[in-house]
Number of protein chains: 2
Amino acid sequence: MSWEDNVKRVVPYVPGEQPKSKVIKLNTNENPYPPSPKVREVLSNYDIDELRLYPDVNAGELGMALAKYYGLNSNQVFVGVGSDDVLAIAFMTFFNSDKEILFPDITYSFYDVWADLYKIPYRMVELNDDFRINIEDYLVPNGGIVIPNPNAPTGVEKDVRELEKIVAKNPDSVVIIDEAYVDFGATSMLPLINKYDNLLIVQTYSKSRSMAGARIGMAFGNEKLIKYMNDVKFSINSYTMNRLTVAAGTAALEDEEYFKETCDKVIATRERTKVRLRELGFDMPDSKSNFVFATHESIPASDIFNAAKSAGIYLRWWNKDRISNRLRISIGTDEEMDALFAFLKEYIEARG
Amino acid sequence: MSWEDNVKRVVPYVPGEQPKSKVIKLNTNENPYPPSPKVREVLSNYDIDELRLYPDVNAGELGMALAKYYGLNSNQVFVGVGSDDVLAIAFMTFFNSDKEILFPDITYSFYDVWADLYKIPYRMVELNDDFRINIEDYLVPNGGIVIPNPNAPTGVEKDVRELEKIVAKNPDSVVIIDEAYVDFGATSMLPLINKYDNLLIVQTYSKSRSMAGARIGMAFGNEKLIKYMNDVKFSINSYTMNRLTVAAGTAALEDEEYFKETCDKVIATRERTKVRLRELGFDMPDSKSNFVFATHESIPASDIFNAAKSAGIYLRWWNKDRISNRLRISIGTDEEMDALFAFLKEYIEARG
């Protein structure tokens, strides 16, 4: 007998590498452009005396700014330490049924980690061979549903009118739509939160707002959903959103022009990337996110992954069933993508 | 049947009020002095381009700076979003026995909230009438032990040689010593983590380092304890410590002189406060923290609490068994305390 007998043993999520040296980093879907200059401004002028005080429990001005930005009431907004925090709390709050929760078999690999951690029964629903969701699969008894749209790591967007059927036909389950990548040209289901009280939309500053390092995620839903999540949050840690992040996140929202401009740049580079990769012998589903999910006609993904890494270009590859011959390639700047294309061209030619 | 049937229902922790208007705030044990000027410096010069990247999963430079500061290896340090985050993860990680965990009946009121949330059986062990811990009470079969030293809201310090007995005699339980207030003149048990593999020390930037608004807490223990906590953390949210906070927290550690100076000022004001409050008819146990836990010889605590609030001075009062006639008064600046004494003098005289 030892204290180690009572330790919670888990298999944690493994995030993409954060290399210390200078590399071309296309492995964790970060935005290649810096945050809005308004963020620099607010940090330079920040009154550090405020740091001695606890922050507002509801992320104060950030929660209100988000509500205003999205045309919601502030009691329809939940703010957390990145969308991982928001999703983990949503899983804990809403998924307490004996029935299985449902999510795609190829998707964000944190969902099953949270389900295991919180002892939530779950079933991974197979996507079809084009990585598409079959709506009918989700119209069965369940304890909750999680669907990322666009999905990751595939980048595939499902039509929101189709997804709405899942929400409408499951009034007894909370349906979470994880819209981490929605700002890169996909359609948000946010307007539907006033129609369905079981719909929770999750978004993040980490991708489209270039602030992965600030850790801001948010959920939008009817006020009952948000209240239940806050109750659980206040049972774990009352004050999660630090004052610096609240100030920086609020400032970023004020700069809509910059936001649109950087999203448009990422989208333009993504479209160019699709064309160029196809020329190089890659195939991929049509992505609406800031990454593509590519497979080469002749060279195994793992070979390309390793060779690229040796050349200082980090991509993401999973040694997992159904996707082991795919690479997830984040969209960088045009210059970074050109460097990738040049490497690929040379590497593919050398392999003959 | 509705989705609400499967919602996790909890009774959340209720933090002290954060008033929006200008008041004398002696209700949440914040430090009255601003953080080190080094924090301003690092934020003014912060390269916001970095914010587009995910932070280091182990709080990188902050974890290393803490290890260096306390003379530890970095694998003996865990960093979280305030000590509430650290404690919540420790509860989840280590308290999975069928036996009850033990903590004092009068203590930080988050412990039972976490135990309820994670379905951990617990027993609150009665302090004696002087709010002192009886060591023998903790030498019984248990699933874990949590002891704040100094305790809150009493401010009472237990001799670390006494507490060491609890750690030594419970090798099969993790013993958490919550040292949130240790820097105000109490003795840390940190040196003992190399002697006992079941000892976890938890500290925070929120009190002595004037950074409650930055949300930094830390745990120190042998590398096995820290690894288990990280495994659980990585199953919830890989990236909890944002880059701004990491930079600010690291900078604060570099300014030892400022840290000592502000702690000494708080201690001096606390000692003056004890004398002055006793002159005004209050009694309190000897506090080694940045607050005192006072009861008046004739006027009920709730009356003083309400009258002070009306006068713009926020104190903390709990309508709870054994402590309902006590006020927890945080130590502010000398000027703030003088305003409190002036109010109390007038109020007590008026009550005749």
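Scroll up for the structure.
In this report, the structure presented in the accompanying data block is examined. Just so it is clear, the model here is predicted, and its values are computed rather than measured.

About the thresholds
- Numbering of residues starts from 1 in every chain and runs along the sequence as written.
- As they are written, the chains are lettered A onward and the ligands numbered 1 onward, keeping that order.
- The predicted nature of this model means local features are confined to residues of pLDDT at least 70 and side-chain atom pairs, given and counted, to a pLDDT of 80 or more, with totals for whole chains, interfaces and linings taken over all residues.
- Each helix is a run of DSSP H or I of at least 4 residues and each strand a run of E of at least 2, with the numbering of both proceeding from the N terminus.
- Only the C-alpha atoms count toward the radius of gyration. The rule for a globule is 2.2 Å times the residue count to the power 0.38.
- Put simply, a residue is buried when 20 or more other C-beta atoms lie within 10 Å of its own C-beta and exposed when 12 or fewer do; between those, it is partly exposed, and each C-beta is set from the backbone.
- Note that contacts rest on C-beta atoms placed from the backbone: two residues are in contact if these are within 7 Å.
- Residues are grouped as follows: nonpolar covers Ala, Val, Leu, Ile, Met, Phe, Trp, Tyr, Cys and Pro; charged covers Asp, Glu, Lys and Arg; every other residue, Gly included, is treated as polar.
- C-alpha atoms of residues with pLDDT of at least 70 in both copies form the basis for the least-squares superposition of the copies.
- Following DSSP output, two strands are said to pair if at least two bridges run between them.
- Whenever a helix is involved, its axis is fitted only over the stretch in contact; in every case the axis is a line through C-alpha atoms, and angles between N-to-C directions fall within 0 to 180 degrees.

Quick look at the overall build of chain A now. Along its length, chain A carries 10 helices and 12 strands. Computed over its C-alpha atoms, the radius of gyration of chain A comes to 21 Å, within 12% of the 20 Å expected for a compact globule of 352 residues. Once the C-alpha set of chain A is aligned to its principal axes, its extents read approximately 60 × 55 × 55 Å. Counting all 352 residues of chain A, 53% fall into the buried class. Taking all contacts inside chain A whose residues are at least 6 apart in sequence as the whole, residues at least 24 apart take part in 72%.

With 71 residues of chain B at the interface, the matching set in chain A holds 71 residues. Among the elements of the structure, α1 (37-44), α3 (82-94), α4 (111-117), α6 (223-233) and α7 (243-253) of chain B are those that each provide at least two residues to the side of chain B that touches chain A. Per element, the largest residue contribution to the side of chain B that touches chain A is 7 residues, and it comes from α3(B). In terms of residue class, the side of chain B that touches chain A is made up of 37 nonpolar, 21 polar and 13 charged.

This brings us to the relation of the copies chain B and chain A. Mapping chain B onto chain A leaves a residual RMSD of 0.0 Å; the transformation is a rotation of 180° accompanied by 0.0 Å of translation along its axis. The operation mapping one copy onto its partner corresponds to a two-fold rotation axis. Identified as the residue of chain B closest to the rotation axis by C-alpha distance is S44(B), at 2.1 Å. A shared binding surface is used by both copies, with 100% of the interface residues of chain B retained as interface residues in chain A.

Below, the discussion takes up the sheet that holds strand β6 (residues 175-178) of chain A. Think of a sheet as strands paired side by side through backbone hydrogen bonds, with each pair either parallel or antiparallel. Residue and element names in this part refer to chain A. With mixed pairing, the 7 strands of this open sheet are ordered in space as β2-β8-β7-β6-β5-β3-β4. Edge positions in the open sheet fall to β2 (77-80) and β4 (122-125), since each of these has one partner strand only. Neighbour-to-neighbour, the strand axes of this sheet turn through a mean angle of 20°, independent of strand direction. Pairing of β6 with strand β7 (residues 199-204) involves 4 bridges; the strand directions are parallel. Looking at the pairing, I176 lines up with L200 of β7. Contacting β2, β5 (144-148), β6, β7 and β8 (217-220), helix α3 (residues 82-94) runs over the sheet at an angle of about 40° to β8. Across the sheet, helix α5 (residues 160-168) lies against β5, β6 and β7, angled at about 155° from β6, the strand it touches most.

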